[in-house]
Amino acid sequence: MMDNINVINYININLDNSDDESCSIDMDSDFFQMGIQVAFPRAGKVVRERSDYKRYPDNEFLQKFRLTKTTVKFLTELIKNKISSPTTRNDATTPEQKVLLTLRYYATGSFEDAFAEFAGVHESTVEKIIKLVSEAIAELRPQFIYMPESDADITQIRQEFYNIAKFPRCIGALDCTHIKIRSPGGKEPEIFKNRNNYFSINVQTISDTKLRIQNIVARWPGSSLDSHILKCSRIRQHFESGKFKNNVLVADSGYGIQKYIITPLQDPKTAAEVLFNESQMVTRNPVERSHEEWKLRFPILSIGISVQLSTALAVIVATAVLHNIALKFGDDVPHPTRELEALIDIQEVENIPLLTAGNNRSVHRHSFLKYFESQL
């Protein structure tokens, strides 16, 4: 076989020995380029094998991707038209692979881990895929995150809350939780720092008794007060307009007492007040458990979301949607590490009680106190 140098010499000799001007070949001709390709052939494209979810046992799959195989198939079917590549050329990433890559990021908070799991995807493409998939999942919000609307649904949720600790007329437990993000930069990044001195989004949710997120507000910087987020929210407008009639939400003392927001007393004295407080606190426990399970399922919410702010907001809503889908399918919460549990505890930001929140003379709390007095 002719070596590289001999090929070049062969080309040069034939060019030099040509007597026919019509046959003379310029060094930039196709013939010369063909000779170069023969002498120095390009290495063939190496297609690295991408992760195939079928090769993982069910338990390992759940730990890696935070959802079961059945749930992932359901999710992929819902969003595949929004995330499909326009071509199948160049070994394009499939919708299923894009979903799994994004879930791996939600599980680790690391581009490197997501890239390593899907070695055939170029590293520069990973963040684009995460943005695309997160926005597609977040757009499913109306289908999976909603308050009860019909009388039958409201009655059922009221009964489920009543069954916890006999607290009447409750249709949701309200609270905020901080989701860690990287510094967003810009002119005023410090407004995103919370009282625990890390950058976050203060996210408001309303939970039902089954830990399902019924409502979410995910756009306020970490320095925002819970009460201010509620004041500016659409859900407050719905309650004040009478959409939910005389039904109420239970919340902690970081919120002001309202006709539709019932908070605990700060200094209960009578037996009825003590009973009221005990029932109220137990009844609002689902929202705290919902936040904990949400963060345990998707560790990125505690590790920190390391993408641009707009994408980070989409990730928060997307993981809330997935939390509800996982509950719908009965997916187990992946076994947490001690480090993750500790991280969630450390990042918990205590609410500052409002001075009026525990006012015993509030007319809005009066009917509830009378009810618990009748239970003695």
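Residues numbered from 1 in each chain as written. Predicted model: local features only at pLDDT ≥ 70, side-chain atom pairs only at ≥ 80, totals over all residues. Heavy atoms only, no water.

**Student:** What am I meant to see in the overall build of the protein chain here?
**Tutor:** Helix and strand content of the protein chain: 16 helices and 5 strands. Looking at the protein chain as a whole, 48% of its 376 residues qualify as buried. In the protein chain, 70% of the contacts between residues at least 6 apart in sequence involve partners at least 24 apart. Accessible area of the protein chain: about 19700 Å², with a carbon and sulfur share of 51%. (Helix = DSSP H or I, 4+ residues; strand = E, 2+ residues; numbered from the N terminus. Buried < 20%, exposed > 50% of the residue type's maximum accessible area, 1.4 Å probe, protein only. Contact = heavy atoms within 4.5 Å. Areas by Shrake-Rupley, 256 points an atom, 1.4 Å probe, with all protein chains shown as cover.)

**Student:** Would you mind going over helix 4 (residues 69-83) with me for this structure?
**Tutor:** At 3.6 residues per turn, the α-helix brings residues three or four places apart onto the same side. At Glu77, helix 4 shows its maximal kink, close to 40°. For helix 4, the set of buried residues is Lys69, Thr71, Val72, Leu75, Thr76, Ile79 and Ile83. Residues of helix 4 that are buried in the fold lie against helix 3 (58-65), helix 5 (95-108), helix 7 (123-138) and helix 14 (309-329). (Bend = angle between axes of the 7 residues up to and from the residue.)

**Student:** Just checking my understanding: could you explain the pairing of strand 1 (residues 170-180) for this structure?
**Tutor:** Summarising burial for strand 1: 10 of the 11 residues are buried, a large majority. Where strand 1 lies against strand 4 (residues 248-250), 3 bridges are found, and the strand directions are parallel. Bridge pairing in strand 4 links Ala173 to Val250. Sheet topology note: the strand 1/strand 2 (residues 200-207) ladder contains 8 bridges and is antiparallel. When the bridges of strand 2 are listed, Ile179 appears paired with Ile201. (Pairing = 2+ DSSP bridges.)

**Student:** Looking at this structure, how should I read the side chain of Thr205?
**Tutor:** For Thr205, the position within the fold is in strand 2. Classification of Thr205 as buried rests on a relative accessible area of 0%. In terms of polar contacts, Thr205 uses its side chain to reach the side chain of His291, at 2.6 Å. Not counting residues up to four positions away in its chain, the partners in contact with Thr205 are Ala173, Leu174, Asp175, Ile213, Asn215, Ile216, Val287, His291 and Trp294. (Polar contact = N/O pair within 3.5 Å; in protein donor to acceptor, adjacent residues only side chain to side chain.)

**Student:** Before we go on, may I ask you to explain the sheet that holds strand 5 (residues 261-262) in this structure?
**Tutor:** Strands pair in a sheet through their backbones, by hydrogen bonds, and they do so in one of two ways: parallel or antiparallel. Spatial ordering of the open sheet is given by 3-2-1-4-5, a layout of 5 strands whose pairing is mixed. Each edge of the open sheet is held by one strand with a lone partner, namely strand 3 (213-221) and strand 5. Relative to strand 3, strand 2 runs antiparallel, the two being bridged by 6 bridges. Bridge pairing in strand 3 places Ser207 opposite Ile213. Strands strand 1, strand 2, strand 3, strand 4 and strand 5 of the sheet are contacted by helix 12 (residues 271-297), whose axis makes an angle of about 45° with strand 1. (Axes fitted to C-alpha atoms, helices over the stretch in contact; angles between N-to-C directions.)

**Student:** Looking at this structure, how should I read the nonpolar core?
**Tutor:** Ranked by internal contacts, the top residues of the largest apolar core, which has 52 residues, are Ile79, Tyr106, Ile216, Trp294, Ile305, Ile316 and Leu322. Sort the elements by how many residues they give to this core and helix 14 lands first, with 10 residues. When neighbours within four sequence positions are excluded, Trp294 is seen to be in contact with Thr177, Ile179, Val203, Thr205, Ile213, Ile216, Leu301, Ile316, Thr319, Ala320 and His323. Membership of the second largest hydrophobic core comes to 34 residues, among which are Val248, Leu249, Phe368 and Tyr371. (Core = buried A, V, L, I, M, F, W, Y, C linked by side-chain atoms within 4.5 Å.)

**Student:** For this particular structure, what's the right way to read the environment of Leu230?
**Tutor:** Within the secondary structure layout, Leu230 lies in helix 10 (residues 226-231). Under the relative-accessibility criterion, Leu230 is labelled buried at 8%. Sequence spacing of Leu230 and Thr205 is 25 residues, and the spatial spacing of their C-alpha atoms is 9.8 Å. Filtering out sequence-adjacent residues up to four positions away, Leu230 remains in contact with Leu174, Gln204, Ile235, Arg236, Tyr255 and Ile261.

**Student:** Help me out: how do you make sense of the pairing of strand 3 in this one?
**Tutor:** Each regular strand displays side chains that alternate between the two surfaces of the sheet. Burial analysis of strand 3 places 8 of its 9 residues in the buried class, which makes it a mostly covered element. What sits between the antiparallel neighbours strand 2 and strand 3 is a turn of 5 residues, in which Leu211 has the positive phi angle 75°.

**Student:** Explanation requested: unusual backbone geometry in the structure shown.
**Tutor:** In the Ramachandran plot, Lys166 falls in the positive-phi region, its phi being about 60° despite a non-glycine side chain. By the element assignment, Lys166 lies in the loop between helix 9 (151-165) and strand 1. Backbone geometry places Asn197, a non-glycine residue, at a positive phi of 70°. Given the relative accessible area of 55%, Asn197 is considered exposed.

**Student:** Quick question: what am I supposed to make of the confidence of the model for the protein chain here?
**Tutor:** If pLDDT is low for a region, its predicted coordinates should not be looked at in detail. Looking at the protein chain, the pLDDT average stands at 85 and 80% of residues meet or exceed 70. Across residues 1-27, where pLDDT falls below 50, the model places 20 contacts with residues more than four positions away in sequence or in other chains. (pLDDT = per-residue confidence, 0-100.)

**Student:** Any chance you could explain the pattern of salt bridges here in plain terms?
**Tutor:** Close approach of charged atoms allows side chains with opposite charge to pair. One pass over the structure, following the stated rule, counts 12 salt bridges. For Glu139, the salt bridge identified is with Lys82, shortest N-O distance 2.8 Å. Of this pair, Glu139 sits in the loop between helix 7 and helix 8 (141-144) while Lys82 sits in helix 4; the two residues are 57 residues apart in sequence, bridging distant segments of the chain. A relative accessible area of 44% places Lys82 in the partly exposed class. Among the ionic pairs, Lys243 bridges to Glu149, the shortest N-O distance being 3.3 Å. (Salt bridge = Lys/Arg side-chain N within 4 Å of Asp/Glu carboxyl O.)

**Student:** Honestly, the packing of aromatic side chains in this entry has me stumped. Any pointers?
**Tutor:** By convention here, two paired aromatic rings are described through the distance between centres and the angle between planes. One pass over the full model with this rule turns up 12 aromatic pairs. Taking the centre distance of 6.4 Å and the plane angle of 85° together, the rings of Phe74 and Phe144 count as edge-to-face. Of this pair, Phe74 sits in helix 4 while Phe144 sits in helix 8, and the two are 70 residues apart along the sequence. Judged by its relative accessible area of 26%, Phe74 is partly exposed. On the numbers, 5.0 Å between centres and 80° between planes, the contact of Tyr371 with Phe372 is edge-to-face. For the pair formed by Tyr371 and Phe372, the shared burial category is buried. (Phe/Tyr/Trp six-rings, centres within 6.5 Å; stacked < 30°, edge-to-face > 60°.)

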